[in-house]
Structure formats: C-alpha cells, structure tokens
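# Descriptive structure summary
Chain by chain, the residues run as shown.
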Amino acid sequence: EAENLQTQFCLKKEVLESFKSCLSPEKEIYIEHYVSGWRGLVKLLNSLGSLFGFISKDAVSKTQILMNFLKSENGPHYATVQSMVKFELDNKLVDVDKKGIYPESGCRTLLRLHRALRWLQLFLERLRTSKEDDKTSVMCRDAYNESLAQHHTWLIRKSAGMAFYGLPVRPAFFEVMNVGTPEQVVDVLGKAVPLLYEVYQITEELYQKHNLLDLP
Ligand code: 1PZ
C-alpha cells in the first residue's frame, strides 16, 4: 500500500513542480526539468488506459532522444534549450529545410513537444474554466484543432480524434490528477496554465528568432 501511494501520479508534484523548476532566473529553460514535466504527463496519460498508448509512446521516444543528448559527451551543451539551439546551429547539427542526416536533432525533437505544450495549455485552460457536466473530449478536441492538429497528418488527426472519445468524464479526470477536491484542482490548474504559457512563449520566441518553427 505504501508503494501504491508513492507510485500514484500527482499533477502538482510531477508536472507543475517540474515545469516550475525548468525556468532559470535568466529565463533559460532547463531541458532536464522540461523532460521530467513531460514524463509526468506521460504517466498521467498512461493511467488513462491503453487507448492513449500511441500518443504516450511518441512522447516517451521524444523525451528519450533529449535525455540521450543530455547524457552524451555533448551533454553540457544540452543543459538548456538556449544552449542546445546555439550548439546545434553553430555545429550544423540540424536539418533545416528537409530531412537529411539529422532527422532526430534536439531542436526538431523539442519543437514537437513545444507544439504539444500549446495544446496542453489550451486544454488545461478549458478544463479549469469548465462546468461539471462539460465534456472533456470536446475540450480536448477543440484545443487540439486550435493547435497541434495543423502539424499532423490526416491519419494522426483521425487516430487522435478517436482517442479523445475515450477520455474519462470531468470528475474522473480530476480524480486521476490527484490534487484533492475539484476546487483544489481548479486552483492548481490556475497556477499551471500561466506557467506553461511562459515556458511556451520563451521557446516560441527563441525558435522564431532562429527561424526554427518549421523544422522538418
Ligand atoms: C489527455 C488526452 C491526450 C491527448 C493528447 C493530444 C495530442 C494528440 C497527439 C497525437 C500524437 C500521435 C502520435 C505521433 C505523433 C507524431 O507524428 C508527432 C510529430 O512527430 P514526428 O512524427 O514529426 O516525429 N508528435 C507529436 O506531435 C508530439 C505529441 C506529443 C503528445 C504528448 C501528449 C501528452 C499528453 C498528456 C496529457 C495528459
């Protein structure tokens, strides 16, 4: 039972805290904490059932690519998103306009998570302001159509669309977040959304400045 308590997902500890600690005072983004925020989200996704396996598999593979860079001999260059961008661009380690010899650069891999972060922020904001009977599948779909969908192929959009129907209803979804009463969930979401927005915005501006927003 003790183990059960320990392994139970908690939105506040595993997502909010990670994304909070990923910002340095100089507004750099630590990749290690960014990745652990995503690992937390994957845990949440996995607790929703195997229907979401194809989504979590992709998220895991992307976090793994970034962790491998972080653990490599070039690891120190991958400490922050800013240092990674500089290092990969300075050393021409990014396929800029078409897939070539670096199909899994740190820059293009992080861009995929970055786009998904926008979806997350939109979804959590809808969840935060929703009423008890509102449909999570609709909130999720609307957030998706407004953000990630434009970057996905028809097949992925269809698969994602079907998975959304398998989302638990709002009270059950609040339950798995494991931060207490619905009021407390709303409160945590109220802290998480602006934080995700800040992390998103910093990355967006950096990528824009270096013309990296369309990496293949
Ligand atoms: C709570 C419900 C979860 C809904 C998640 C909404 C996002 C649907 C995303 C569907 C992704 C399908 C799997 C593969 C996608 C990849 O093709 C793309 C592009 O990568 P590339 O092919 O270029 O290498 N991958 C992504 O867009 C990253 C998706 C990460 C999604 C993480 C979601 C985590 C959600 C946690 C929520 C609790």
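See the structure above.
Cut-offs applied
- Residues numbered from 1 in each chain as written.
- Predicted model: local features only at pLDDT ≥ 70, side-chain atom pairs only at ≥ 80, totals over all residues.
- Heavy atoms only, no water.
- Helix = DSSP H or I, 4+ residues; strand = E, 2+ residues; numbered from the N terminus.
- Rg over C-alpha atoms; globule rule 2.2 N^0.38 Å.
- Buried < 20%, exposed > 50% of the residue type's maximum accessible area, 1.4 Å probe, protein only.
- Contact = heavy atoms within 4.5 Å.
- Areas by Shrake-Rupley, 256 points an atom, 1.4 Å probe, with all protein chains shown as cover.
- Salt bridge = Lys/Arg side-chain N within 4 Å of Asp/Glu carboxyl O.
- Near = heavy atom within 4 Å.
- Polar contact = N/O pair within 3.5 Å; in protein donor to acceptor, adjacent residues only side chain to side chain.
- Nonpolar A, V, L, I, M, F, W, Y, C, P; charged D, E, K, R; others polar.
- Core = buried A, V, L, I, M, F, W, Y, C linked by side-chain atoms within 4.5 Å.
- Arc of directions from axis to C-beta.
- Expected span 1.5 Å × (residues − 1).
- Disulfide = S-S within 2.5 Å.

### Digging into the overall build of the protein
The helix and strand inventory of the protein stands at ten helices and zero strands. The helix and strand sequence of the protein, counted from the amino end, reads α-α-α-α-α-α-α-α-α-α. What you see for the protein is a C-alpha radius of gyration of 17 Å, in line with the 17 Å of a compact globule of 216 residues. Referenced to the eigenvectors of the C-alpha coordinate spread, the extents of the protein come out at roughly 50 × 40 × 30 Å. Counting every position in the protein, which comprises 216 residues, the buried fraction comes to 45%. Long-range pairs, those at least 24 residues apart, make up 68% of the contacts in the protein with a sequence separation of at least 6. With an accessible surface of roughly 11,800 Å², the protein has 54% of that area assigned to carbon and sulfur atoms.

### Quick notes on the pattern of salt bridges
Considering all chains together, one arrives at eight salt bridges under this definition. For the salt bridge of R141 with D142, the shortest nitrogen-to-oxygen distance reads 3.5 Å. Classification of R141 as partly exposed rests on a relative accessible area of 37%.

### Comments concerning the site of the ligand
Inspection of the region around the ligand gives 19 residues, with D58, K62, R108, R112 and H152 positioned closest. In the model, an oxygen atom of the ligand is placed 2.9 Å from a nitrogen or oxygen of the R108 side chain. Contacts to the ligand include H152, whose side-chain N or O atom sits 2.8 Å from an oxygen atom. At the level of secondary structure, the elements contributing two or more residues to the shell around the ligand comprise helix 3 (31-46), helix 4 (53-71), helix 6 (106-128) and helix 8 (154-164). The residue inventory of the shell around the ligand, partitioned by class, reads 14 nonpolar, one polar and four charged.

### Some points on the environment of K99
With respect to the helices and strands, the residue K99 is situated in the loop between helix 5 (81-90) and helix 6. What makes K99 exposed here is its relative accessible area of 52%. Spatially, the C-alpha atom of K99 lies 29 Å from that of Q121, the residues being 22 residues apart in sequence. Apart from the residues within four sequence positions on either side, K99 is in contact with R108 and P216.

### Re the side chain of S56
Residue placement: S56 occurs in helix 4. Once you skip the residues sitting within four places of it in the chain, S56 turns out to touch V42, L45 and N46.

### What to know about the nonpolar core
Within soluble globular proteins, side chains that are nonpolar generally end up buried alongside one another. Among the nonpolar cores identified, the biggest contains 66 residues, and F19, Y34 and M84 are the most heavily contacted of them. For Y34, the residues in contact, after removing those within four places along its chain, are F19, C22, I29, L110, L113, H114, L117 and V199.

### Here's the deal with helix 9 (residues 170-177)
Listing the buried residues of helix 9 in full gives R170, F173, F174 and M177. Each buried residue of helix 9 lies within a common arc of 100° when the element is viewed along its axis, so the set occupies one face. Residues of helix 9 that are buried make contact with helix 2 (11-21), helix 6, helix 7 (136-146) and helix 10 (182-209). Once helix 9 ends, the next one or two residues include N178, with phi positive near 60°.

### Things to note about helix 6
For helix 6, which comprises 23 residues, the first-to-last C-alpha distance of 32 Å matches the rise-based estimate of 33 Å (1.5 Å per residue) to within 8%. Taken across its 23 residues, helix 6 has 18 buried, putting it largely inside the fold.

### What to know about unusual backbone geometry
Most of the time, phi is negative for any residue but glycine, and the peptide bond is trans. Unlike most non-glycine residues, K27 shows phi in positive territory, near 65°. Mapped onto the elements, K27 comes out in the loop between helix 2 and helix 3. Look at K27 and you get partly exposed, because its relative accessible area is 40%.

### Observations concerning the state of the cysteines
Overall, the coordinates contain zero disulfides when judged by the stated rule. C10 takes part in no disulfide bond, and the closest cysteine sulfur, belonging to C22, lies 18 Å away.

So far we have only geometry, and geometry alone does not tell us how the molecule works.
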